[in-house]
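Tertiary structure, described
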Amino acid sequence: MTHTPREIVTTVALGLPAVLGAGVFAGFAPAAGLAGWWLLPALAISAFAVLCSAFSTADQSRAYPDVGGGYGYVRAQLGVWPARMTASAHLLGRFAMAAAVASMFGAYVVPDQPLIGALALVVATALLGAVGFRFTVGVSVLVSVVVLGVLALVVAASFSIAPVPSAGEAGTVNELVGVAGLMFMAFAGFERVTAPHRGEKHHSPSVLKIAIPVLIGLSFVVSLAVGAGVLRQLGSARLALSPAPLRDALVAADSAALVPLVQIAAAVAGVAALHFVLASAHRTLTGLAEDGDLPTRLKPGALTLVVVVASTLVLVLVPFGTALGVAACATLFYYAFTNASARVLLQNDRTWPMRTACLGLGLSVLLAMSMPIPAMLISIAGLGVGTGLIGLTASLRGRRAASRRHTPQAR
């Protein structure tokens, strides 16, 4: 099947608003605290791991077009219990990522009351999704232009003025792999194009062969440029303490007049990224209900409420850096399962070779197990608790169904 440059540009534009969220606006602060300037080469490791995972989800989406994301792929290929573990990892990652995106929004847009702003964003974005709002091609292109334009201004300002001497550097090369795992979240919205939701357009393999590397490559270049700019202006020690690195870099570069533009870009990027995150969690919950792992009578509104409540709890209880770490670690576990299931696809279902799924599996596990200890422990605990609860719910439903089948009908 042939493709046109317009199709490729459209596909990339659809994916960018889902990708450019908390990672590029606020993720550099915790990353700099761990690895300092080593966060820049860590971005390359993250991008490569993301590329492999994107290939796997694209192949699986083509093989199972009506299945609800990674949970459905794993259930179809590896079985029920691996699928339940996949769902648990995905939901934990989505809830934590929603909290991280909302925290970023609050820090930039409502700095005097960041928690209030973050909570308002979660509720407002959930309501937008509930009433059927979707990011069309036109809206996605507008969001991409606004965000990329403002980020370009930040990079230009950061390199236009010599920085004030830093009061020391933070981080160590020993945290390189762990930070690569943390910065995985700077690219993690790629399923917007590789695994569309039901009713959304599926892109042809010929388009995705070019669009996926372009999307990840462009995101990598943008993140690398922004990371280098804020590191240059603030230094790793000061950057590690900043709740809003792009804003603080502009102030340090004597470009405070551009701060309102950064606030607009952060608001636009926050809404776009959070919309995808909440919709992705909703899709997994819907898949669990359809397969009987959750009560089948749950209405879409009830599932939306679950997503909002869970995201709000993480937002209120967990600091930004820890939330971002849990989001990255749990999401890496999710892609470990997804890549594992992609390995068993038949040759006819593949666009990319099996070795990309093998690399994705290995890198996902390596990066997840190299994350900061608190994030890794919370993720492993959440994975175990979530899997157990899903299994218990499914078991109770099975027993009730069996009991009803064996109960004599009342005369």
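Numbers given to residues run from 1 along each chain, matching the order in which its sequence is written. The predicted nature of this model means local features are confined to residues of pLDDT at least 70 and side-chain atom pairs, given and counted, to a pLDDT of 80 or more, with totals for whole chains, interfaces and linings taken over all residues. Hydrogens and water are ignored here; the side-chain numbers use all heavy atoms of the structure.

Remarks on the overall build of the protein chain
Going along the chain from the N terminus, every DSSP run of H or I of four or more residues is numbered as a helix, and every run of E of two or more is numbered as a strand. Along its length, the protein chain carries 17 helices and zero strands. Rg of the C-alpha trace for the protein chain: 21 Å, near the compact-globule value of 22 Å for 411 residues, within the 12% margin. By its C-alpha atoms, the protein chain is 85 × 50 × 40 Å across when sized along the principal axes. Each residue is placed in one exposure class: buried if its accessible area under a 1.4 Å probe, protein chains only, is under 20% of its type's maximum, exposed if it is over 50%, and partly exposed if it falls in between. Put simply, the protein chain has 411 residues, and 54% of those count as buried. Between two residues, a contact is recorded if the distance between any of their heavy atoms is within 4.5 Å. Excluding contacts between residues fewer than 6 apart, the proportion of contacts in the protein chain whose partners are at least 24 apart in sequence is 85%. Radius of gyration here is computed from C-alpha atoms only, and the compact-globule reference equals 2.2 Å multiplied by the residue count raised to the power 0.38.

Some words on the pattern of salt bridges
Salt bridges, as used here, are contacts in which a Lys or Arg side-chain nitrogen is within 4 Å of a carboxyl oxygen on Asp or Glu. Using the criterion set out here, one finds five salt bridges in the structure. Between Asp 248 and Arg 247 there is a salt bridge, with its nearest N and O atoms 3.4 Å apart. Each member of the pair, Asp 248 as well as Arg 247, carries the same accessibility label: buried. Overlapping salt bridges bring together Arg 75, Arg 84, Asp 291 and Asp 293 as one network.

Topic: a nonpolar patch on the surface
Residues qualify for a patch when their relative accessible area is over 30% and they have no salt bridge, like charges being joined within 9 Å and the nonpolar side chains of Val, Leu, Ile, Met, Phe, Trp and Tyr within 5 Å. Each accessible area is a Shrake-Rupley estimate made with a 1.4 Å probe; only the visible protein chains count as cover when residues are assessed. A contiguous nonpolar surface patch, about 580 Å² in accessible area, is contributed by Leu 115, Leu 305, Val 309, Leu 313, Val 316 and Leu 317. At five residues, helix H14 (residues 300-317) tops the list of elements feeding residues into the nonpolar patch. Residue classification places Leu 305 among the exposed positions, given a relative accessible area of 54%.

By themselves, these figures tell us nothing about what the structure is for.
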